[in-house]
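Examining the three-dimensional arrangement
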Amino acid sequence: MKKEVEIAIRRNQQILVRNTSGQTVTGFPERSADSSILSLRTVQGSVWIPFDEVEHVTRLLTIRSHHMDIMQLV
């Protein structure tokens, strides 16, 4: 889980996080001085989630197609 967060930080990818109570939050992970806390930048502001409450992390990927970029330029 922490490995996926680290990859998302390096690649500036958004993640979806589900906590142990089933709630989800989406945002961009940020480095934190406390390694036991997941820090997320969301549209509502910063959120801090203890890693022991994180049940699942999903990285959200943006897929860009060269073909689609050309079509948008036309």
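As the structure is a prediction and not an experimental result, all values here were calculated from the model. (Residues numbered from 1 in each chain as written. Predicted model: local features only at pLDDT ≥ 70, side-chain atom pairs only at ≥ 80, totals over all residues. Heavy atoms only, no water.)

With that out of the way, let us pick up the side chain of T42. Counting through the fold element by element, T42 comes out in strand β3 (residues 37–42). Among the residues examined, T42 registers a relative accessible area of 11% and is labelled buried. Among the polar contacts made by the side chain of T42, one reaches the main-chain amide nitrogen of Q44 at a distance of 3.2 Å. At 2.6 Å, the side chain of T42 forms a polar contact with the backbone oxygen of G45. (Helix = DSSP H or I, 4+ residues; strand = E, 2+ residues; numbered from the N terminus. Buried < 20%, exposed > 50% of the residue type's maximum accessible area, 1.4 Å probe, protein only. Polar contact = N/O pair within 3.5 Å; in protein donor to acceptor, adjacent residues only side chain to side chain.)

Turning to the nonpolar core, a few remarks are in order. Counting eleven residues, the largest nonpolar core consists of V5, A8, I15, V17, V25, L38, L40, I49, F51, V54 and V57. For this core, the secondary-structure elements that each account for two or more residues are α1 (2–11), β1 (14–19), β3 and β5 (54–60). Those residues in contact with V54 that lie beyond four places of it in its chain are M1, V17, R18, N19, L38 and I49. (Core = buried A, V, L, I, M, F, W, Y, C linked by side-chain atoms within 4.5 Å. Contact = heavy atoms within 4.5 Å.)

The subject of this paragraph is α1. All buried positions along α1 are accounted for by V5, I7 and A8. Buried residues of α1, viewed axially, fall in a sector of 160°; they line one side. Away from its buried face, by an angle of more than 90 degrees, α1 presents the exposed residues K3 and R10. Taken together, the buried residues of α1 touch β1, β2 (24–30), β3 and β5. The first or second residue beyond α1 is N12, which carries a positive phi of 55°. (Arc of directions from axis to C-beta.)

Any functional reading would require information beyond the geometric quantities listed.
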